[in-house]
Amino acid sequence: MKKFLFLLAAVAVANVAMAQENVADQKPEVSPEIQTLELVGGLVQYGYDNYSATALAQAVELYATVPTQKGNEEKTAEGGVDTAKDQRIAINVEQLLKDAREFADGDEVVLAYISKVEAAAQASTTTLGRVGGPSETHECVLAGSTDVYTVRFYGGESARVFVVGDGDTDLDLYVYDENDNLIDSDTDNLDVCLCTWTPRWTGTFKIKIRNWGNVRNYYTMYID
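Residues numbered from 1 in each chain as written. Predicted model: local features only at pLDDT ≥ 70, side-chain atom pairs only at ≥ 80, totals over all residues. Heavy atoms only, no water.

Under the counting rule described, the total for this entry stands at three salt bridges. E78 is the partner of K208 in a salt bridge, and the nearest nitrogen-oxygen pair spans 3.9 Å. Its relative accessible area of 39% is what places E78 among the partly exposed residues. (Salt bridge = Lys/Arg side-chain N within 4 Å of Asp/Glu carboxyl O. Buried < 20%, exposed > 50% of the residue type's maximum accessible area, 1.4 Å probe, protein only.)

What follows is about the sheet that holds strand β3 (residues 146-153). Taken together, five strands build an open sheet; the order of strands is β1-β3-β8-β5-β6 and the sheet is antiparallel. The open sheet has two edge strands with one neighbour each: β1 (75-78) and β6 (182-186). Going from strand to strand, the sheet's axes swing by 25 degrees on average, the running direction of each strand aside. Both β1 and β3 contribute to a ladder of four bridges, which runs antiparallel. Counted as the bridge partner of E78 is T146 from β3. (Pairing = 2+ DSSP bridges. Helix = DSSP H or I, 4+ residues; strand = E, 2+ residues; numbered from the N terminus. Axes fitted to C-alpha atoms, helices over the stretch in contact; angles between N-to-C directions.)

A few words on unusual backbone geometry. Positive phi, close to 50 degrees, is recorded for Y51, a residue that is not glycine. Note on placement: Y51 falls in the loop between α2 (32-50) and α3 (53-63). The class of Y51 is exposed, set by a relative accessible area of 59%.

This next bit is on the environment of K206. With respect to the helices, strands and loops of the structure, K206 is situated in strand β8 (residues 203-211). Remark: the alpha-carbon pair of K206 and E178, spanning 28 residues in sequence, is separated by 7.3 Å. In contact with K206, not counting residues within four places along its chain, are V148, Y149, Y174, V175, Y176 and D180. (Contact = heavy atoms within 4.5 Å.)

Helix length check: helix α4 (residues 93-104), at 12 residues, gives a terminal C-alpha distance of 16 Å against a target of 16 Å (1.5 Å per residue), a fit within 8%. Turning to α4, its buried residues number three or more, namely L96, L97, D99, A100, F103 and A104. Within α4, the buried residues cover an arc of 165 degrees as seen down the axis, which keeps them to one side. Facing away from the buried side of α4 by over 90 degrees, the exposed positions are E94, K98 and E102. Remark: D105 follows α4 within two positions and exhibits a positive phi of approximately 50 degrees. (Expected span 1.5 Å × (residues − 1). Arc of directions from axis to C-beta.)

Before going further, it helps to examine the packing of aromatic side chains. Applying the stated criterion across every chain yields a total of five aromatic pairs. Aromatic pair Y48 and F103: ring centres 6.1 Å apart, planes at 85 degrees, arrangement edge-to-face. Taken together, the residues Y48 in helix α2 and F103 in helix α4 connect sequence positions 55 residues apart. By relative accessible area, which is 11% here, Y48 ends up buried. Ring geometry for Y51 versus F103: centroids 5.4 Å apart, planes at 80 degrees, classification edge-to-face. In this pair, Y51 sits in the loop between α2 and α3 while F103 sits in helix α4, placing the two residues 52 residues apart along the sequence. Members of the aromatic cluster, joined through ring pairs, are Y48, Y51 and F103. Across the ring face of Y176, the terminal group of K208 is positioned such that the distance to the ring centre comes to 5.4 Å. (Phe/Tyr/Trp six-rings, centres within 6.5 Å; stacked < 30°, edge-to-face > 60°. Lys NZ or Arg CZ within 6 Å of the ring centre and 35° of its normal.)

Written out as structure tokens, the structure reads:
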């Protein structure tokens, strides 16, 4: 009987350990890279809303200073409907420079500045706890849909996920650990989202991006 009770206690302790949230009590500070990306997102929105070539070029100039590499996370989608609209990825250097030149409307001074920014961006080779290093992903979440990514993060190192959309719909961001505990979320009425946490141990986390609008949203996700 005592052995049976001991086994029950051991199972209970194991279940509690498995259910433990993989997150430290203290949230990490927002990194300079994320602060820069937030500024980039604001410049992109302003540039498109006001047809400002300078704002788009400045966004590219700042974006080139952020260490990143192309993300390789596989996406799955939950629900949603496809709705046609013009593609406008939130942060895409080639597209931003192309649109900046169009907005410049022949202004030689502005065009010279854009060319200078383009040369600097092409020369940049910059590529903090994502396993494999920081990454960027350009994707599209359908209306009413949720995009899901699975990513590994190092234990004891700050982890951050930043999402900036194209401005057309409200996006919400959620992060879950391997035990399906909600670790962090950003659920305001914007499509600029940030989640930060410090994993207790190296493990897998699920990132969910929910589109609450009635059209698709082209977004950039930066994982650090």
